[in-house]
Amino acid sequence: MKSQRAGCPLAHLCKKLKIFLTSLVVILSLGARTIHAVDVDTELNNGRVFPLAGLGLGNQQPGWIDDIIQNYPGLRLIDTAHASRNEAIISKALVQRAVQLDLKQHKIWSEKHKAKLRGSAHQEFDFFHEAEAVEQNRRVIEQTELHIITKVWYTHLGYERTLIAVEESLDAFRETFDSPLIDLKLTVLLHWPRCDPDIEWMHCEQEERDLPQGVKDAGPDPTGDRDAWKQSWKALEELYSEGKIYGIGVSNFSWEEMKELLNLCRVVPQIYQGSAWQSLFDPYLINQLKEENILYNVYNVMGAIVKQNEKTPNAYNCLTEIGRQHTKLMEAMDKPLSVSTVVLAWYIQHGYAIVPRSANSYHFLENSPLLLAKVPPFKKDDDEKIEQAIRAIMTQKDIAHGVLAYFTNTLDSVEQISLS
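Residues numbered from 1 in each chain as written. Predicted model: local features only at pLDDT ≥ 70, side-chain atom pairs only at ≥ 80, totals over all residues. Heavy atoms only, no water.

Asks: Teacher, can you tell me more about the overall build of the protein here?
Replies: Helix and strand counts for the protein come out as 18 helices and twelve strands. A sequence separation of at least 24 residues applies to 72% of the contacts in the protein between residues at least 6 apart. In the form shown here, the protein has an accessible surface area of approximately 21700 Å², with 53% of it arising from carbon and sulfur atoms. (Helix = DSSP H or I, 4+ residues; strand = E, 2+ residues; numbered from the N terminus. Contact = heavy atoms within 4.5 Å. Areas by Shrake-Rupley, 256 points an atom, 1.4 Å probe, with all protein chains shown as cover.)

Asks: Sorry, what's going on with unusual backbone geometry here?
Replies: Keep in mind that most residues, glycine aside, have a negative phi and that most peptide bonds are trans. With a phi angle near 65 degrees, Asn252 is a residue other than glycine that sits in the positive phi range. Here Asn252 is to be found in the loop between β7 (247-251) and α10 (255-264).

Asks: I'm lost on the layout of surface pockets in this one. Help?
Replies: The rolling of a water-molecule-sized probe over the atoms marks out the regions of remaining empty space. In this structure, the second largest pocket encloses a volume near 1000 Å³. In this structure, the second largest pocket is lined by 40 residues; those nearest its centre are Gly58, Asn59, Ala81, Ser84 and His191. When residues of the lining of the second largest pocket are traced back to their parent elements, those giving at least two are β9 (295-299) and α13 (301-306). Of all the elements, α13 adds the most residues to the lining of the second largest pocket, at three residues. For the lining of the second largest pocket, the class distribution of residues is 16 nonpolar, 16 polar and eight charged. (1 Å grid on protein atoms, 1.4 Å probe; cavity = no way out; pocket = protein on both sides within 12 Å on 5 of 7 lines; lining within 4 Å. Points joined across faces, edges and corners; volume = space filled by probe spheres on them. Nonpolar A, V, L, I, M, F, W, Y, C, P; charged D, E, K, R; others polar.)

Asks: Looking at this structure, I do not really get the packing of aromatic side chains. What am I missing?
Replies: Two measures describe an aromatic ring pair: the distance that separates the ring centres and the angle between the ring planes. One pass over the structure, following the stated rule, counts eleven aromatic pairs. Taking 5.4 Å as the distance between ring centres and 55 degrees as the angle between the ring planes, the aromatic pair formed by Tyr272 and Tyr296 counts as tilted. Remark: Tyr296 occurs in strand β9 and Tyr272 occurs in strand β8 (residues 271-275); sequence separation between them is 24 residues. Overall, Tyr272 belongs to the buried group, its relative accessible area being 0%. (Phe/Tyr/Trp six-rings, centres within 6.5 Å; stacked < 30°, edge-to-face > 60°. Buried < 20%, exposed > 50% of the residue type's maximum accessible area, 1.4 Å probe, protein only.)

Asks: So what exactly am I meant to see when it comes to empty space enclosed by the protein here?
Replies: A complete count under the given rule lists one cavity of 30 Å³ or more for this structure. Taken as a whole, the largest cavity spans an internal volume of roughly 50 Å³. Along the walls of the largest cavity sit Tyr154, Thr155, Leu157, Arg194, Cys195, Cys204, Glu208, Asp221, Pro222 and Thr223, which together make up its complete lining. By residue class, the composition of the lining of the largest cavity is five nonpolar, two polar and three charged.

Asks: Got a minute to help me understand helix α15 (residues 339-349) in this structure?
Replies: Since one α-helical turn is 3.6 residues long, residues separated by three or four positions face the same way. Burial analysis of α15 places ten of its eleven residues in the buried class, which makes it a mostly covered element. Listing the buried residues of α15 in full gives Val339, Ser340, Thr341, Val342, Val343, Leu344, Ala345, Trp346, Tyr347 and Ile348. Where α15 terminates, the next one or two residues include Gly351, which has phi positive at roughly 85 degrees.

Asks: Quick question: what am I supposed to make of the state of the cysteines here?
Replies: Two cysteines whose sulfur atoms are joined by a covalent bond form what is called a disulfide. For the coordinates displayed, the defined rule picks out one disulfide. Residue pairing for Cys195: its cysteine sulfur links by disulfide to Cys204, the two sulfurs lying 2.0 Å apart. Its torsion about the S-S bond being -90 degrees, the disulfide of Cys195 and Cys204 is classed as left-handed. The exposure classification of Cys195 matches that of Cys204, with both residues buried. (Disulfide = S-S within 2.5 Å.)

Asks: I keep staring at the nonpolar core and nothing clicks. Help me out?
Replies: The tendency in soluble globular proteins is for nonpolar side chains to be buried side by side. Ranked by size, the top nonpolar core spans 103 residues in total, and within it Ile305 and Tyr347 carry the most contacts. Looking at this core, the element that brings in the most residues is α15, giving eight residues. (Core = buried A, V, L, I, M, F, W, Y, C linked by side-chain atoms within 4.5 Å.)

Asks: Hey, could you run me through the pattern of salt bridges in this one?
Replies: Where charged atoms from two side chains of opposite charge come close, those side chains can pair. Summed over the entire model, instances satisfying the criterion amount to 14 salt bridges. Of the charged contacts, one joins Arg76 and Glu145 as a salt bridge, the two residues approaching to 3.6 Å between their closest N and O atoms. Residue Arg76 is found in the loop between α2 (62-71) and β4 (77-79), and its partner Glu145 is found in strand β5 (residues 144-152); the two are separated by 69 residues along the sequence. Among the salt bridges present, the one from Asp227 reaches Lys230, with a minimum N-O distance of 3.8 Å. Residue Asp227 is classed as partly exposed on the basis of its relative accessible area, which comes to 35%. Ionic contacts of the salt-bridge type, sharing partners, join the residues Asp41, Arg76 and Glu145 into one network. (Salt bridge = Lys/Arg side-chain N within 4 Å of Asp/Glu carboxyl O.)

What follows is the structure, encoded as structure tokens:
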């Protein structure tokens, strides 16, 4: 069926063209200054480098994953989980992406090399010389470094069960590990400290019954042991020390549980993954992580903040206006920064890692490290107002109307005043 849009006979091709053109606009908008991925990287407490901006694929629709990975710009970090059962799908898509990027890179290089040969004294093109040159170029091209976070589900807590879960994850990503085009760095977290029957969507007994017999035989049912995670941590420490995984950490641990972990661990966790709510309303946890230089990886930024604007229109408008005004500080940006970009950039500029989940190509660009790396640091006043607006949205207690107003003078400089 033909698309109704003029000039686009196929809807699928229209979508691809839209993604390409929008990506091109973002890349060109980076201005004369070259933006490197290091601009959104951080150094972990073990001295290793880790990207701050990535893509969440946990519980994503399996049929969408390949298209998402093929079209996500600047992809260097993916967040998923063993329980999402999509690790092998992600691995296959990453290899396909790497192959396509490799082919494009060598096509560009080959065309330049051919033009150089034709412009030289060697007028006759030597096929064997070209093949040798391409192969030499292939050997010097560095692998694409990709980071993946996966997590051990609470059904696999306990030493032996955790080993099984991690080995299954390693096997799922084997194709990516084996690819000569990808340098895969796998970080493994404990997803939860335990299954909590008081949480509505956790079905502890049923999930235990549904496990493969081999997992049940490997270790005791963790639902009867509140401290089963301690043996799991021991297993992660051993896997990390053996070099099988790049990093280790935990997710959804309370401040008290983190304190207990830090008292018993041989290897300090490098990454903590927690909710957007915890990042702003759990000061004891945040201070604890800062003391140990543990990276906070924020999840649910979109669901907890960006999509919760109905009851807090003033706070949302505040973020919108800051994005509009901040865009004037950026070269070649023809569209104002979205609320999503403002919030994500604010988190990154405060040293948090973010892994927003989306299947929308336009949101890919809003969330992309290519764009987030370009966003200049927010001024102190704007920085404070962004935090105020985020807190208001999350608590559903709106800020006063007219808390922000802007005016632009003849020199196009932006000033800010309060109307409250």
